[in-house]
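Single-letter residue listing:
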Amino acid sequence: MNKIDQLNYNQLKVFIAVYEHGQSHQAANELGMTASGVSRTLKILRDIFNDSLFIRRCSGFVATEKTHRLIPMAKALVEQYQEIEMQHSVFTPAESGGQYIIHAYDEFVYAVQKVIRNDILAEAPNLRFDIRVLTRDCSTELANGEIDFVVVYEGFNGKNLNYEMFAETDHLYILARRGHPLLTQALTLENISHYSCLEIDNYDDLRSPLLVNLCREQDLCMEVEGYTDSLASAMRLLSETDAITLSCNQFTRQFVDMIPAIQYIKLPPELAQRCRIRRREKREIGNYVLHGDTNNSAAFNWVKSKLICGLEREWRLASQE
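This section reports on the structure supplied with the text. Note that the structure is a prediction, hence the values are computed from the model and not measured.

### Considering the overall build of the protein chain
Move 1: The secondary structure content of the protein chain amounts to twelve helices and twelve strands.
Move 2: Oriented by its inertia axes, the alpha-carbon framework of the protein chain measures out at about 85 × 35 × 30 Å.
Move 3: By residue count, 48% of the 321 residues in the protein chain fall in the buried class.
Move 4: Considering only contacts within the protein chain whose residues lie at least 6 apart along the sequence, 77% involve residues at least 24 apart.
Move 5: In the form shown here, the protein chain has an accessible surface area of approximately 16300 Å², with 48% of it arising from carbon and sulfur atoms.
Move 6: Each charge sign in the protein chain was given a centre, from 34 positive and 43 negative side chains, and these centres are 5 Å apart.

Right, here's the structure in full:
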């Protein structure tokens, strides 16, 4: 019997994963396997193709020339398998495996973890999740499928990118230390400009914070205290200075409720609307789950649906507090 007859869908997925990651443990994590399981599959593949396929180096696996020739055909076969799987297989969460990589703004990480714990793993305990704080524009990795989901309060534009809103941004808040003078004053730009602005930001697409820009439009000078993408660091800095920050996130406000040293106050509607208009010049404001279009499996779509519905619920609950 020709050994190629022994080739199957799972072996092809392992073959591609090792090729793309160059590491057996990373391939194992992606596929929900053990490293030893990946090693056993590679041994079978080497026997089937009568080639070493990958050469081990200090930096990881290096593909052989034969592997480079085989990969396009393997990917084409896997795409056909996935099409069959998507259209004709019955998805059972309890039997589903695999790993999903999620990047989220610091303010969203806890809510994402909560949804995964209570909504997803309760039904699909074999799934694995790698959740990281988003600190850079990872649009390329998202489009390529290297990252499965990104959770942000802005929409991204880009080829092969999709985003679905789970909640609208309504109220904006000023955060400051407890007893801060501004919390008992009228929230006008003139009063706000007397205090420096600490920006909780993950991107550098704005030259300066929104409040600083609005103050400049009225010939007011508001200093910039600094920038941070860490919510914990921001709260510590606010508690020790007269700096203030602007937040549009209900999860941030919910977090502040647990910190005695920090208070918040709602921005007046007129000023909040000016902030929204200014922000939309760069990105559409909302709360989104972003994903690429490389994965259309039933498992992926189930996880996406659970994530969006769960975050929408958590946002709504936070808004009611």
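### As for the packing of helix α1 (residues 9-21) against helix α3 (residues 35-49)
Move 1: Look at α1 against α3: their axes get within 10 Å of each other, and the N-to-C directions meet at 100°. Classified by the angle their axes make, α1 and α3 are roughly perpendicular. Seen from α1, the contacting residues are Q11, V14, F15 and V18; seen from α3, they are V38, T41, L42, I44, L45 and I48.
Move 2: The residue inventory of the contact of α1 with α3, partitioned by class, reads eight nonpolar, two polar and no charged.

### Considerations on the sheet that holds strand β7 (residues 173-177)
Move 1: Within the open sheet, the three strands sit side by side as β10-β7-β11. Their pairing is antiparallel. This sheet does not close on itself; its edge strands, each paired only once, are β10 (245-247) and β11 (262-266). Ignoring strand direction, the axes of neighbouring strands in this sheet form an average angle of 35°.
Move 2: Pairing geometry for β7 and β10, over three bridges, is antiparallel. Paired with I174 across the two strands is L246, which belongs to β10.

### Brief notes about unusual backbone geometry
Move 1: Positive phi outside glycine occurs at N50, with the angle close to 50°.
Move 2: Following the sequence through the fold, N50 ends up in the loop between α3 and β1 (54-57).
Move 3: At L53, a position not held by glycine, the phi torsion is positive, near 70°.
Move 4: The residue L53 is located in the loop between α3 and β1 in this model.
Move 5: When its relative accessible area of 0% is taken as the criterion, L53 is described as buried.

### Notes on the pairing of β1
Regular strands place their side chains on alternate faces of the sheet.
Move 1: Bridge count for β1 against strand β2 (residues 60-63) is four bridges, and the pairing is antiparallel. Each bridged residue has a counterpart across the sheet, and for I55 the counterpart in β2 is V62.
Move 2: Hairpin geometry of β1 and β2 is characterised by an intervening segment of two residues between the two adjacent antiparallel strands.

### A word on the sheet that holds strand β12 (residues 285-292)
Move 1: The strand order β4-β3-β5-β12-β6 describes an open sheet built from five strands, whose pairing is mixed. Two strands bound the open sheet, and with one partner strand each, they are β4 (127-133) and β6 (161-167). Strand after strand, the sheet turns through a mean of 25° between neighbouring axes, direction not considered.
Move 2: Packed on one face of the sheet, helix α2 (residues 24-31) meets β3 (98-104) and β4 and runs near 90° to β3.

What counts, and where the lines are drawn
Residues numbered from 1 in each chain as written. Predicted model: local features only at pLDDT ≥ 70, side-chain atom pairs only at ≥ 80, totals over all residues. Heavy atoms only, no water. Helix = DSSP H or I, 4+ residues; strand = E, 2+ residues; numbered from the N terminus. Buried < 20%, exposed > 50% of the residue type's maximum accessible area, 1.4 Å probe, protein only. Contact = heavy atoms within 4.5 Å. Areas by Shrake-Rupley, 256 points an atom, 1.4 Å probe, with all protein chains shown as cover. Lys, Arg positive; Asp, Glu negative; His and termini not counted. Charge placed at Lys NZ, Arg CZ, Asp CG, Glu CD. Axes fitted to C-alpha atoms, helices over the stretch in contact; angles between N-to-C directions. Parallel < 35°, antiparallel > 145°, perpendicular 65-115°, else oblique. Nonpolar A, V, L, I, M, F, W, Y, C, P; charged D, E, K, R; others polar. Pairing = 2+ DSSP bridges.

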